[in-house]
Amino acid sequence: MKFDTYFTMNESEAATYASEKLAYLFADDFSLSCKEIGDGNLNYIFKVTDKRSNHSIIIKQSGPVARISDEFKLSPDRNRIEYEILKLQQQFAPGLVPKVYAYDPIMHCTVMDDLSDHQIMRRALMEFQTFPKFAQDISDFMVNTLLLTSDVVLEHKQKKDLVRNFINPQLCEITEDLVYTEPFNDNKNRNDVFELNRSWVSEHIYDSLPLRLETAKLKFEFMNHAQSLIHGDLHTGSIFVRQDSTKVIDPEFAFFGPIGYDVGNVIANLIFSWAHSDAHQQSDHKRWVEETLVATVDLFITKFSSVWDQKVTEVSALTPGFKEYYLSQVMSDSAGVTGLELCRRIIGLAHVKDITSLTGNIRLRAERICLTAAKEFILERGKYCCGLDFLQTFKKAEAAFAREDYV
Ligand code: SR1
Ligand code: MG
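Thresholds, definitions, all that
- Note on numbering: residues in each chain are counted from 1, in written sequence order.
- Here chains are named by letter from A upward and ligands by number from 1 upward, in the order in which they appear as written.
- Side-chain atom pairs in this predicted model are given and counted only at pLDDT of 80 or more, local residue features only at pLDDT of at least 70, and totals for whole chains, interfaces and linings cover all residues.
- Note: side-chain values were computed over all heavy atoms of the structure, leaving out hydrogens and water.
- Here a helix means four or more residues in a row that DSSP labels H or I, a strand means two or more in a row labelled E, and each is numbered from the N terminus.
- For the exposure calls, accessible area comes from a 1.4 Å probe over protein chains only, and a residue counts as buried if that area is under 20% of its type's maximum, exposed if over 50%, partly exposed in between.
- Contacts are assigned to residue pairs with any non-hydrogen atoms lying within 4.5 Å of each other.
- Here the open area of atoms and residues is found with the Shrake-Rupley method and a 1.4 Å probe, where only the protein chains shown may cover a residue.
- Following DSSP output, two strands are said to pair if at least two bridges run between them.
- In this analysis a 1.4 Å probe is tested at points of a 1 Å grid over the protein atoms alone, and where it fits but cannot get out there is a cavity; an open set with protein on both sides within 12 Å along at least five of seven lines is a pocket; lining residues have an atom within 4 Å of a point.
- Grid points are joined across faces, edges and corners, and a volume is the space filled by probe spheres set on the points.
- The nonpolar class holds Ala, Val, Leu, Ile, Met, Phe, Trp, Tyr, Cys and Pro. Asp, Glu, Lys and Arg form the charged class, and all remaining residues, Gly among them, are polar.
- Domain start and stop positions are those given by an automatic or database domain assignment.
- As a per-residue measure, pLDDT tells how confident the predictor is, with possible values from 0 to 100.
- Buried residues of nine kinds, namely Ala, Val, Leu, Ile, Met, Phe, Trp, Tyr and Cys, make up a nonpolar core once their side-chain atoms join them within 4.5 Å.

**Remarks on the overall build of the chain**
- Scanning the chain from N- to C-terminus turns up 15 helices and ten strands.
- Principal-axis analysis of the C-alpha atoms places the extent of the chain at approximately 65 × 55 × 40 Å.
- Counting all 407 residues of the chain, 58% fall into the buried class.
- Of all intrachain contacts in the chain linking residues separated by at least 6 positions in sequence, the fraction that spans at least 24 positions is 71%.
- Summing over all exposed atoms, the chain offers an accessible surface of approximately 16,900 Å²; the carbon and sulfur share of this is 52%.

Structural data, given as structure tokens:
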């Protein structure tokens, strides 16, 4: 096989691809096997293993349509974006992303480290595992990849070159539709609402004009605020964890957008984990998630402020009071996005297993707590200054939905 014309590979073709194109990554006497292990919404993930040495690598290939639905026709060029971003993120946040070895612009695939010694964070959290380094690592990742790619640090023309290179219209369109538009509009959408919450969602979400107005404002903020090179899909399915290590994967939604988009995604997905542990009455795990969420926000703020003091040289950004103004905008955006992500994973097309694995009244309650908190995050986003502020909102929503009323 020549692999000089693009086609989507099956397992045996990916093994042949590795032996023809990637032999330098294996010992001389390799004998390869391959398994497709992807469970995401978009791409194919081939794990190629040398049966003799047990050494393995990952080949990630983009198809012309999304796996979740062929309604989404996508340029496989997203693979180039992912490769280039992973290399940049390795520079800004060393050790916190997988190492990449190669990119093939014909076959639209990227070759990277196999992280099989880690676990997908969402799955591990659903088993009530805890990860002591997570808050430190993810706050480092966010501060370093976000602040260091913004105009307050980068020379402005260099930053504009990066903006041009990482323009990502198709994947941004998915986010604009699935996160910002459809969950708040009950017509012409692909929403998938849990039967027992259908009328509640109509009354409290679709029929709320203030919510529609604030989400419209946030949508134009997402589309027009080229603040930093954001990951763009930083949920717990995009994070691999081990007790002593954290790796962020899947940055194909990356583009220059608002910093709060990444921060809000992390917070919302911790809240999904919290709701899952709450549903299973795992109070120790719930407490760990609460502490981790508060620590993540507070560490993000402290590190953002100290990296700002070390790295910012831009003359206007050095004006006294500007750092505090900038950070307060970031926190407000983060709260807004926390609410959006909570809504879209419950109402929209792409759900999360933390919630869909629940059934009956237990799921009804988990969804209502998340959606009630989501409304406050969006409508009152200006009030969030620290981790405890975030915690208080979903604890208040929890208190409003007393367990005995719903189980
Ligand atoms: C059509 S893609 C649906 C979702 O999966 C990705 O992981 C993103 O979160 C996207 O919104
Ligand atoms: Mg993904």
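Now that the structure is up, let's keep going.
**Thoughts on the sheet that holds strand S8 (residues 239-242)**
- A sheet is described by the order of its strands in space; here three strands give the open sequence S6-S8-S9, paired in antiparallel fashion. Both outer strands of the open sheet, strand S6 (119-120) and strand S9 (245-248), are each paired with one neighbouring strand and no more.
- Pairing analysis gives two bridges linking S6 to S8, with the strands arranged antiparallel. Each residue of the ladder has a partner; that of Ile120, found in S8, is Phe240.

**Things to note about the side chain of Asn197**
- Summarising the element assignment, Asn197 is placed in the loop between helix H6 (169-181) and helix H7 (198-206).
- The residues touching Asn197, leaving out its near neighbours within four places in the chain, are Arg363, Leu364, Glu367 and Arg368.

**Section: the pairing of strand S5 (residues 109-113)**
- Within S5, four of the five residues are buried, which leaves the element mostly enclosed by the surrounding structure.
- Alignment of strand S4 (residues 100-104) against S5, held across four bridges, turns out to be antiparallel. Across the sheet, residue Val100 finds its bridge partner in S5, namely Met112.
- The turn linking S4 back onto S5 is made up of four residues, and His108 within it adopts a positive phi angle of 50°.

**Concerning empty space enclosed by the protein**
- A complete count under the given rule lists two cavities of 30 Å³ or more for this structure.
- Space inside the largest cavity adds up to approximately 40 Å³.
- Every residue lining the largest cavity is listed: Ile85, Leu88, Gln89, Phe92, Thr145, Thr149 and Leu229.
- The greatest single-element share of the lining of the largest cavity, amounting to four residues, is contributed by helix H2 (residues 78-92).
- A class-by-class count of the residues in the lining of the largest cavity yields four nonpolar, three polar and no charged.
- Shared between two domains, the lining of the largest cavity takes at least three residues from each, and those domains are domain 1 (11-113) and domain 2 (119-406).
- Approximately 30 Å³ is the volume found for the second largest cavity.
- The element best represented in the lining of the second largest cavity is helix H8 (residues 209-224), accounting for three residues.
- Class assignment for the residues of the lining of the second largest cavity results in five nonpolar, no polar and two charged.

**Brief notes about the confidence of the model for the chain**
- Per-residue confidence for the chain gives a mean pLDDT of 96, with 99% of residues at or over 70.
- In the model of the chain, helix H15 (residues 403-406) stands out as the element of lowest mean pLDDT, 68, in contrast to helix H9 (residues 259-279), which has the highest, 99.

**Points about the nonpolar core**
- By size, the foremost hydrophobic cluster in this structure holds 93 residues, and its most contacted members are Phe134, Met142, Phe300, Phe304, Ile347 and Phe390.
- No other element matches H9, which puts twelve residues into this core.
- When residues of this core are assigned to domains, at least three map to each of domain 1 (11-113) and domain 2 (119-406).
- The contact partners of Phe134, leaving out residues within four places of it in the chain, are Met121, Ile239, Val241, Thr246, Val266, Leu270, Thr292 and Thr296.
- Counting 19 residues, the second largest nonpolar core, distinct from the first, contains Leu25, Leu32, Val48 and Cys109.

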